[in-house]
Amino acid sequence: MRKKITLVGAGNIGGTLAHLIALKQLGDITLIDIAKGVPQGKALDLSQSSSVELFDIKINGSNNYSSLKESDVVIITAGLPRMPGMSRDDLVETNTKIISTIGKAIKKYCPKAFIICITNPLDAMVSILQSSSKVKKNMCVGMAGILDSSRLKFFLSKELNVSIKSIEAFVLGGHGDTMVPLVRYTTISGVPIQEFIKKKLITQKKLNSILKRTQNGGGEINKLLGKGSAFYAPASSAVQMAESFLKDKKMILPCAAYLDGEYGIKDLYVGVPVIIGKNGVEKIIELKLTANEKQEFKKSTNAVRNLTNLAEKLL
Ligand code: APR
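Predicted model only: the values in this text are computed from it and were never measured. Along each chain, the written sequence defines residue order, and numbers are assigned to residues from 1. Per-residue local features are limited, in this predicted model, to residues with pLDDT of at least 70; the limit for side-chain atom pairs, both in listing and counting, is 80 or more; totals at the level of whole chains, interfaces and linings are taken over all residues. Where side-chain values are given, they derive from all heavy atoms of the structure, hydrogens and water being excluded.

**Examining the site of the ligand**
And then number 1: In this text, near means that some heavy atom of the residue lies within 4 Å of the molecule or strand in question. Taken together, 18 residues sit near the ligand, with Asn12, Ile13, Asp33, Tyr65 and Thr77 positioned nearest.
And then number 2: In protein, a polar contact requires one atom able to donate a hydrogen and another able to accept it; more generally it is a pair of N or O atoms within 3.5 Å, and residues adjacent in sequence count only if both atoms are side-chain atoms. Between Asn12 and the ligand, the recorded distance is 2.8 Å, taken from a backbone N or O atom to an oxygen atom.
And then number 3: Contacts to the ligand include Asn120, whose side-chain N or O atom sits 3.0 Å from an oxygen atom.
And then number 4: Each accessible area value is a Shrake-Rupley result obtained with a 1.4 Å probe; residue values ignore everything except the protein chains displayed when judging cover. Alone, the ligand offers 740 Å² of accessible surface; in the complex the protein occludes 86% of this.
And then number 5: Elements with a contribution of two residues or more to the shell around the ligand: α1 (12-24) and α4 (92-109).
And then number 6: Grouping the constituent residues of the shell around the ligand by class yields 9 nonpolar, 8 polar and 1 charged. Helix and strand assignments come from DSSP, with helices taken as H or I runs of at least 4 residues and strands as E runs of at least 2, each series counted from the N terminus. When residues are grouped by polarity, Ala, Val, Leu, Ile, Met, Phe, Trp, Tyr, Cys and Pro land in nonpolar, Asp, Glu, Lys and Arg in charged, and all others, Gly among them, in polar.

**Description of the packing of helix α6 (residues 145-160) against helix α8 (residues 204-215)**
And then number 1: Axis angles are defined between N-to-C directions and span 0 to 180 degrees, where every axis is a line fitted to C-alpha atoms and, for a helix, only to the segment in contact. For the pair α6 and α8, the least separation of the axes is 9 Å and the interaxial angle reads 145°. The hand of the α6/α8 crossing is right-handed. Of the residues in α8, those in contact with Asp148, Arg151, Leu152, Phe155, Leu156 and Glu159 of α6 are Lys206, Leu207, Ile210, Leu211, Arg213 and Thr214.
And then number 2: Residues of the contact of α6 with α8, tallied by class, amount to 6 nonpolar, 1 polar and 5 charged. Take the far helix as the reference: if the near one is turned anticlockwise from it by less than a right angle, the crossing is left-handed, and if turned clockwise, right-handed. The contact criterion used is simple: two residues touch if any of their non-hydrogen atoms lie within 4.5 Å.

**Section: unusual backbone geometry**
And then number 1: Across the junction of Asn120 and Pro121, the peptide omega takes the value -5°, indicating a cis bond.
And then number 2: Along the chain, Pro121 turns up in the loop between β5 (114-117) and α5 (122-133).
And then number 3: Notably, Gln25 is not glycine yet its phi reads approximately 50°, a positive angle.
And then number 4: Within the fold, Gln25 resides in the loop between α1 and β2 (28-32).
And then number 5: With relative accessibility at 40%, the residue Gln25 sits in the partly exposed group. Relative accessibility under 20% of the residue-type maximum defines a buried residue, over 50% an exposed one, and the middle range a partly exposed one, all with a 1.4 Å probe and only protein chains included.

Structure representation (structure tokens):
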């Protein structure tokens, strides 16, 4: 039997998710949104591409959370996106209410599903989603690290003029200005980036500006779009997480995952590398950090904790 993937939020990211999932034929798709007609319209439009793209999956639209029933994977993008000049944290009030309502619906209709949150402010929203849905902590994750890392990889591949496939990079911490790009673990075909600096193929100054641009990656797109925020790369990133779960690929991916003492952090959702397989988050990979990296990570987790506490108080 085909798996059921439900997308709560049928806006820019939700629609792109549905398109990618259909093309990859990962499972049947249900789009849920409060906007009347939107999930139904997108489902119909996408379904009509099936004769060209040659996929057999079913795509449905709904305005009712009961359509979550029997979902294997739920990806949540419902809520407000950032407008230019807004930070992700500015969304906390509105999106906390929306996410807790959806969490309760997940508890009622599909408490065993694998849940991927995309709605911002990301780390705080994953936490609210887990506490309101009561799904197992390793079955609830947030999409941020893959996106932040892919922005860093893209900028590096452009600067070095090498294939994107040759670049490996990790960004840890919260999905915000305090995110921690791990330069020490950035490699080009296995060669540390420091070697490229030594060989003068990239300057430290240029690398620093790329790291800054990565941290502001979402804001840059926000400003260009004028309204709404990035949606293609966020959708691709979440689909990679869903695919690793559905196909038990056991990929190591940076995701917002629940820490229970790992990295010296307790009871908090924040971005770290994890293995995603058929049992959800199967392992948290603890990297050895330098004193400086630890300090940066601590700064980031403190910011996430403050926002998570604020979101919990809003409930
Ligand atoms: N239940 C279901 N859908 C909802 C609800 C709700 N309670 N509230 C809002 N929505 C829907 C809106 O009707 C809209 O169609 O969520 C959708 C959001 O889509 P967009 O506004 O296009 O936003 P998008 O770019 O997809 O981003 C969604 O992801 O990256 C984050 O910051 C971003 O929080 C934002 C989210």
